[in-house]
Each structure stands twice: as structure tokens, then as C-alpha cells.
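A structural walkthrough
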Amino acid sequence: MYFGKSKAGKDSDRIPPNQNATTKFPVLHAGSVPYYPDLSKWNLQIYGLVENPKLLTFEDIKAFPEANVSNDIHCVTGWSRLDNGWTGVKTSDLVKDIGIKRKAEYVLLHAEEGWTANVSIKDFLAETSLLAYAHDGKPLTPEHGYPLRMVMPHLYFWKSAKWLRGIQFTEKNHPGFWERNGYHINGDPWKEERFSFD
Ligand SMILES: Nc1nc2c(c(=O)[nH]1)N[C@H]1C(S)=C(S)[C@@H](COP(=O)(O)O)O[C@H]1N2
Ligand SMILES: [Mo]
């Protein structure tokens, strides 16, 4: 059972400007899919402007309260996919005993192979933001970010780092991979914040 956006209301109201709905689940990323020989070697580093930096194992991630949510995703290339069921950990639960310092205003998400994406703390801690390990009831596949990815449905999906390995709290807004390559620094699909010249 997934809780989240109600399915009532017209689908068209749920699709941001100049997006088209698809029932497929397209795969989109720069570079190749990282290969995971051994989940026991995987970890997630939480660091930067925090009182209690962490190095979490996948077991640690599974020990957090399990969140089941349903939401819509919007890729900047023009496709939207409605009603995605995600299972994972809400960012608000993840940071409970991290002690975010007052100077921290942004988060830089680090994925495998040096890929990054930047968001504000507000976006990172939004009620709908989570770290997901399953999609529609099944563990993430390698191409969709196994073992763990960000999901921030209120922003264009490029912000939702697949193969997440690090969460860095920063004072300044450091542009991530796509943000350095012409994408918008915020990426709100309802405002069509696609490119940095928008
Ligand atoms: N690590 C990493 N995460 C990434 C990307 C990437 O290139 N590398 N691309 C982003 C983009 S542009 C999109 S639209 C979504 C696509 O997720 P999907 O392949 O699961 O549909 O992943 C995002 N996360
Ligand atoms: Mo995208």
C-alpha cells in the first residue's frame, strides 16, 4: 500500500508544462551503469556541515523506518511518469540524529563515478523526498540506481541521483554535474526551470 498523492483529479493537472506522460520507465543517465560485485562493500557517507558524520551500510539504511510513497516523476527531456511506488527512507528520518549545522543551506548529492547534483536543504528535506531502494515493489534494477537512489519528485528527475554514495551538507550552492552543463540550478518542473538561461 502506497501513500502519497491522491489519484483523484485529472491526470492532466498532474503534468507540468510541456511534459508528456509515459507508462514506460525510461532509463537516463550519463556514462555507464556502475557494477556492484558486493553489497557488503557499499556504503553511504553523510558529511560536511553536520555534528555527527556517518558512514552507513546498506543494513543501516534498511534499519530506518520504511516509507512507502507514490508520486510522479518529470524528466527535463519531456517525459513524466505518474504513480511511481517507492520504498525507502524519508530524508527527514535519515537526518534525525545527524545534527545539521546552522550554516548548512545546501546539499550536494554524490553518486558513483563522481556524478553530483545540488539541491537546497529545503528541497532535500521536503516531505516527499526519500532515499529509495525499491520501485513498484521490486528492488531497484541496476539501471535505475541499485542499490539506493534519491527521489525528489517535486524537482526535475535529474536531481534524483541514482547510485547514491554521499550526502554532503554545504554552506554554498555548488553546481552539480548537469547544473555545470547548462541545466537550471533549482529545477522546478512547474516553473519550467530547465536550463540556466530559463
Ligand atoms: N548518478 C546519476 N544519477 C542520475 C543521472 C545520472 O546521469 N547519473 N541522471 C538523472 C536523470 S537526467 C534522470 S531523468 C533520472 C532518470 O532515472 P531513471 O533512469 O531511473 O528513469 O536519473 C537521474 N539520476
Ligand atoms: Mo533527466
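Here, every reference points to the structure presented above.
These lines cover the structure that appears in this document, whether it is placed above or below. Remember, it's a predicted structure, so these values are computed and weren't measured experimentally.

**Considerations on the environment of Lys159**
Tracing the sequence through the fold places Lys159 in the loop between strand S11 (149-151) and strand S12 (164-170). On the accessibility criterion, Lys159 (0% relative accessible area) is buried. Sequence spacing of Lys159 and Ile185 is 26 residues, and the spatial spacing of their C-alpha atoms is 9.9 Å. Lys159 has contacts with Leu109, Ala117, Asn118, Val119, Met150, Met152, Glu179, His184, Ile185, Asn186 and Gly187, leaving out every residue within four places of it along the chain. Within the local environment of Lys159, its side chain forms a polar contact with the backbone oxygen of Ile185, the two atoms lying 2.8 Å apart.

**Some words on unusual backbone geometry**
Omega for the peptide link from Tyr146 to Pro147 comes to 10°, which places this bond in the cis form. In the Ramachandran plot, Asp83 falls in the positive-phi region, its phi being about 60° despite a non-glycine side chain. Relative to the helices and strands, Asp83 resides in strand S6 (residues 79-90). According to the relative accessible area criterion, Asp83 is partly exposed, its value standing at 27%. The backbone of Asp136 shows a phi angle near 45°, a positive value even though the residue is not glycine. Along the polypeptide, Asp136 turns up in the loop between strand S9 (130-135) and strand S10 (138-139). Take Asp136: its relative accessible area is 34%, and that puts it in the partly exposed class.

**Brief notes about the nonpolar core**
Ranked by internal contacts, the top residues of the largest apolar core, which has 34 residues, are Leu44, Ile61, Leu94, Leu109, Phe124, Ile167 and Phe169. Mapped onto this core, the elements with two or more residues apiece are strand S3 (44-48), helix H1 (58-63), strand S7 (106-111), strand S8 (116-120), helix H3 (121-124), S9 and S12. When near neighbours in sequence (up to four residues on either side) are disregarded, Leu44 contacts Lys54, Leu55, Leu56, Ile61, Leu131, Leu148, Leu164, Arg165, Gly166 and Ile167. Membership of the second largest hydrophobic core comes to 11 residues, among which are Phe25, Ile73, Leu130 and Leu140.

**Some points on the site of ligand 1**
Around ligand 1 there are 18 residues in total, and Pro26, Ala30, His144, Arg149 and Lys162 lie nearest to it. In the environment of ligand 1, an oxygen atom lies 3.2 Å from a nitrogen or oxygen atom belonging to the side chain of Trp115. Take Arg149: an N or O atom from its side chain is 2.7 Å from an oxygen atom of ligand 1. Calculation on ligand 1 without its partners gives an accessible area of 530 Å², and the protein chains cover 99% of this total. Taking a 2 Å distance to the grid points as the criterion, the majority of the atoms of ligand 1 fall inside the largest pocket. Tallied by class, residues from the shell around ligand 1 come to 13 nonpolar, three polar and two charged.

Calculation criteria
- Residues numbered from 1 in each chain as written.
- Chains lettered and ligands numbered in written order.
- Predicted model: local features only at pLDDT ≥ 70, side-chain atom pairs only at ≥ 80, totals over all residues.
- Heavy atoms only, no water.
- Helix = DSSP H or I, 4+ residues; strand = E, 2+ residues; numbered from the N terminus.
- Buried < 20%, exposed > 50% of the residue type's maximum accessible area, 1.4 Å probe, protein only.
- Contact = heavy atoms within 4.5 Å.
- Polar contact = N/O pair within 3.5 Å; in protein donor to acceptor, adjacent residues only side chain to side chain.
- Core = buried A, V, L, I, M, F, W, Y, C linked by side-chain atoms within 4.5 Å.
- Near = heavy atom within 4 Å.
- Areas by Shrake-Rupley, 256 points an atom, 1.4 Å probe, with all protein chains shown as cover.
- 1 Å grid on protein atoms, 1.4 Å probe; cavity = no way out; pocket = protein on both sides within 12 Å on 5 of 7 lines; lining within 4 Å.
- Sits in = over half its atoms within 2 Å of the grid points.
- Nonpolar A, V, L, I, M, F, W, Y, C, P; charged D, E, K, R; others polar.

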